[in-house]
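Listed here are the chains, written in short residue letters.
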Amino acid sequence: METVHAIQQLINGASKKGMIDSLDHIYVRNRILSLLGLHDWPETEEGGSPDSDMFHALDFLVDDAARRGVIDDTLDDREILSSQIMNVFLPKPSAVNKRFYQLYEQSPRRATDYFYQLSRDSNYIQTRRIARNITYQTETEYGELDITINLSKPEKDPRNIAKSAAMKSIRYPKCVLCMENEGYAGRAGHPARSNHRIVRLKLGGEPWGLQYSPYLYYNEHCIVLSAEHRKMKVNRETFSRLLEFIHLFPDYFIGSNADLPIVGGSILSHDHYQGGRYTFAMAKAEIETSIKLEKFPSVEAGIVKWPLSVIRLRDENRSALIDAATDILDTWRHYSDPAADILAYTGSDLHNTITPIARRRGGRYELDLVLRNNRTSEEHPLGIFHPHADIHHIKKENIGLIEVMGLAVLPARLKDELHEVEQALIGRPAEVKAYHRPWLSRLREAYPNAKEKDVQAIVRKEVGRKFLRALEDAGVYKRTEAGRTAFLRFIEAVNRKTAVNR
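Residues numbered from 1 in each chain as written. Predicted model: local features only at pLDDT ≥ 70, side-chain atom pairs only at ≥ 80, totals over all residues. Heavy atoms only, no water.

Q: Requested: an account of the overall build of the protein chain, with residues and values cited.
A: Across its full length, the protein chain carries 16 helices and 15 strands. Against the globule reference of 23 Å for 502 residues, the protein chain gives a C-alpha radius of gyration of 25 Å, in line with a compact fold. On the principal axes, the C-alpha backbone points of the protein chain span a range of 80 × 60 × 45 Å. Each of the 502 residues in the protein chain was classed as buried or not, and the buried ones make up 55%. (Helix = DSSP H or I, 4+ residues; strand = E, 2+ residues; numbered from the N terminus. Rg over C-alpha atoms; globule rule 2.2 N^0.38 Å. Buried < 20%, exposed > 50% of the residue type's maximum accessible area, 1.4 Å probe, protein only.)

Q: Which residues make up the pairing of strand E14 (residues 364-373), and what values do they have?
A: Regular strands have side chains that alternate between both faces of the sheet. With nine of ten residues buried, E14 is to be regarded as a mostly interior element. By the bridge criterion, six bridges tie strand E10 (residues 310-315) to E14 in an arrangement that is antiparallel. Bridge assignment links Leu313 to a residue of E14, and that residue is Leu367. Across ten bridges, the pairing between strand E13 (residues 352-361) and E14 is antiparallel. Bridge assignment links Asn352 to a residue of E14, and that residue is Asn373. The turn linking E13 back onto E14 is made up of two residues, and Gly362 within it adopts a positive phi angle of 65°. (Pairing = 2+ DSSP bridges.)

Q: I'd love a proper account of the packing of aromatic side chains, names of residues and values included.
A: This model, assessed by the stated rule, comprises 21 aromatic pairs. Seen from their ring centres, Tyr278 and Phe280 are 4.8 Å apart, and the 80° between their planes marks the pair as edge-to-face. Judged by its relative accessible area of 29%, Tyr278 falls in the partly exposed class. Seen from their ring centres, Trp332 and Tyr335 are 6.1 Å apart, and the 25° between their planes marks the pair as stacked. (Phe/Tyr/Trp six-rings, centres within 6.5 Å; stacked < 30°, edge-to-face > 60°.)

Q: Hey, could you go over the sheet that holds E10 for me, with residue numbers and the actual values?
A: Judged by pairing direction, the sheet is antiparallel, and its ten strands sit side by side in the order E3-E4-E5-E7-E6-E13-E14-E10-E9-E8 without closing on themselves. Sheet topology places strand E3 (199-203) and strand E8 (287-291) at the edges, where each strand pairs with a single neighbour. Averaged over all adjacent pairs, the angle separating strand axes in this sheet is 25°, with direction ignored. In this structure, strand E4 (residues 206-212) lies alongside strand E5 (residues 222-226), joined through five bridges in antiparallel fashion. Directly across from Tyr212, in E5, lies its bridge partner Cys222. In the packing of helix H6 (residues 108-121) onto the sheet, the strands contacted are E3 and E4, and the crossing angle to E4 comes to about 55°. (Axes fitted to C-alpha atoms, helices over the stretch in contact; angles between N-to-C directions. Contact = heavy atoms within 4.5 Å.)

Q: Account for the pattern of salt bridges, naming residues and giving values.
A: With the rule as written, the count across this model stands at 42 salt bridges. Here Asp73 makes a salt bridge to Arg78, at a shortest N to O gap of 2.8 Å. Residue Arg78 is classed as partly exposed on the basis of its relative accessible area of 23%. Each of Glu300, Arg312, Arg314, Arg359, Arg361, Arg364, Glu366 and Asp368 takes part in salt bridges that share partners, so that together they form one network. (Salt bridge = Lys/Arg side-chain N within 4 Å of Asp/Glu carboxyl O.)

Q: Account for the sheet that holds strand E2 (residues 143-149), with residues named and values stated.
A: Read from one edge of the open sheet, three strands run E1-E2-E15, paired in mixed fashion. The sheet terminates laterally at strand E1 (134-140) and strand E15 (407-410), the two strands that pair on one side only. For this sheet the average axis-to-axis angle between neighbouring strands, irrespective of direction, equals 20°. One ladder, built from seven bridges, connects E1 with E2; its direction is antiparallel. When the sheet's bridge partners are listed, Ile134 is paired in E2 with Ile149.

Q: So what's going on with the environment of Leu58? Residues and values would help.
A: In this fold, Leu58 is placed in helix H3 (residues 54-67). Classification of Leu58 by relative accessible area gives buried; the value is 0%. A sequence separation of 28 residues divides Leu58 from Met86, and the C-alpha atoms of the two residues are 8.4 Å apart. Leu58 has contacts with Leu10, Ser82, Ile85, Met86 and Asn123, leaving out every residue within four places of it along the chain.

Q: Break down empty space enclosed by the protein for me, with residues and values.
A: The probe, sized like a water molecule, is rolled over the atoms to show the empty space still left. Taken as a whole and assessed by the stated rule, the structure comprises one cavity of 30 Å³ or more. If you add up the space inside the largest cavity, you get close to 50 Å³. Together, Leu90, Leu118, Ser119, Ser122, Tyr124, Asn195, His196 and Arg197 line the largest cavity. (1 Å grid on protein atoms, 1.4 Å probe; cavity = no way out; pocket = protein on both sides within 12 Å on 5 of 7 lines; lining within 4 Å. Points joined across faces, edges and corners; volume = space filled by probe spheres on them.)

Q: Now, about the environment of Thr289: what can you tell me, with residues and values included?
A: With respect to the element layout, Thr289 can be found in strand E8. Overall, the relative accessible area of 29% leaves Thr289 in the partly exposed class. Sequence separation of Thr289 and Lys305 is 16 residues, and the distance between their C-alpha atoms is 8.2 Å. Once residues lying within four places of it in the same chain are set aside, the contact partners of Thr289 are Gly302, Ile303 and Leu488.

Q: Mind laying out the nonpolar core, listing which residues take part and the relevant values?
A: Counting 93 residues, the largest nonpolar core has Leu10, Phe89, Phe245, Leu313, Tyr477 and Phe490 as its most contacted members. Each residue touching Leu313, except ones within four places of it in the same chain, is listed here: Leu293, Val299, Glu300, Ala301, Leu321, Ala324, Ala325, Ile328, Tyr365, Glu366, Leu367 and Leu369. Within the second largest apolar cluster, 51 residues are counted, among which are Tyr218, Leu425, Val432 and Tyr447. (Core = buried A, V, L, I, M, F, W, Y, C linked by side-chain atoms within 4.5 Å.)

Q: So, the side chain of Asn195: which residues are in play, and what are the values?
A: Inspection of the secondary structure assignment puts Asn195 in the loop between helix H8 (158-166) and E3. The class of Asn195 is buried, set by a relative accessible area of 6%. At 2.9 Å, the side chain of Asn195 forms a polar contact with the backbone oxygen of Ser122. Residues in contact with Asn195, not counting those within four places in the same chain, are Ser83, Met86, Asn87, Leu90, Ser122, Asn123 and Tyr124. (Polar contact = N/O pair within 3.5 Å; in protein donor to acceptor, adjacent residues only side chain to side chain.)

Quick look at the structure:
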């Protein structure tokens, strides 16, 4: 493929997707030439098939720029140039927002469909990398859990690490979730965001933004972020904003990570939520024990059949739900029950918080409150209510919002490591990591006659069981008779407002 043909193929592809008009062709061609350090265009300019993959042409142009020394041949420099080229085809943020809200007047679904497709067409959502992920579902007593081995995020390039270390400290943008990332070129150690757009929202009277995750873990995986760079906090305003969001976008769910280390997400420094158009196993789980909230008689409440400890609230009235959720949170923050291994404080360190998830269910609003505690112990230094040591060979990271709902995001190393486990299980030579060997021994006992045609399904099923165990470890009230009794003691404390204080 020649450079001229690749540029024309990009233009053809963008035209076909409706990203540009024929009047834009000369302009975008010249912008791309400038980015590539080129200054000439042949008179016979037509080239590139209208049906060809525009992203294949994009890859060719970035490769060519690296070969010619226009950019350093590093991952970050490649990402920066790729993002800048795709930005040529995008409208400015004001135009994106204007179009979004024009479509919103027709329906919220049309607005989000437009923005989601734009984020895919612009290569901001890394669809080709996401396609590398290994995804499947595993059946459990709680429904089908989603398993993803995350192969989409590129590994860190040592040359970028060295380049970043040599740079002077830069604090702009303050983090990867700040509004200031919109249109930011990127640098070593900070992602390229030239082709990034954010839809502005008002939640609770404050400015917030809606964007999609570049590395979707589920359908229309969106991020809703505060315009202010401030720490995560779960409180009354959180419940109010979550319910306001699903009022604005009834086809989406939305949730917040907990606001404490160990039980929170990977970014606690910027207030944000995650949502999307997907139904997780947790949303399908039924209430197995109805409970009565005496102060909130209109609110339907119950304990959900789920490995973590979940209280589900439903009402047509958002205000009643906000009041009830706040009452539960306020009680839980300071609640201790030593018999259930729940302590609200160690000295001045607070341990109790909640992971909240909101969705619409018919004409009613629904709010799931997942009780969390981040206490550690000598036996469990990474967290008492965190995946325990025998799970770490599969899942060591925090159980954040996405995992809470029933989707395991597992590390890329498992792709090759699990293949070796499969080979060993059917008696072939294999290099099994030491940390997998105790598990492999148990698998051999359980499946002594494993066959090649079955072994992948066997290992995938057992990985699913490990993830389920991780969720059970994260549950503050175990699904035993003693755990259920302790859970109901907390509900009684909510109704009596007699939580044990520090």
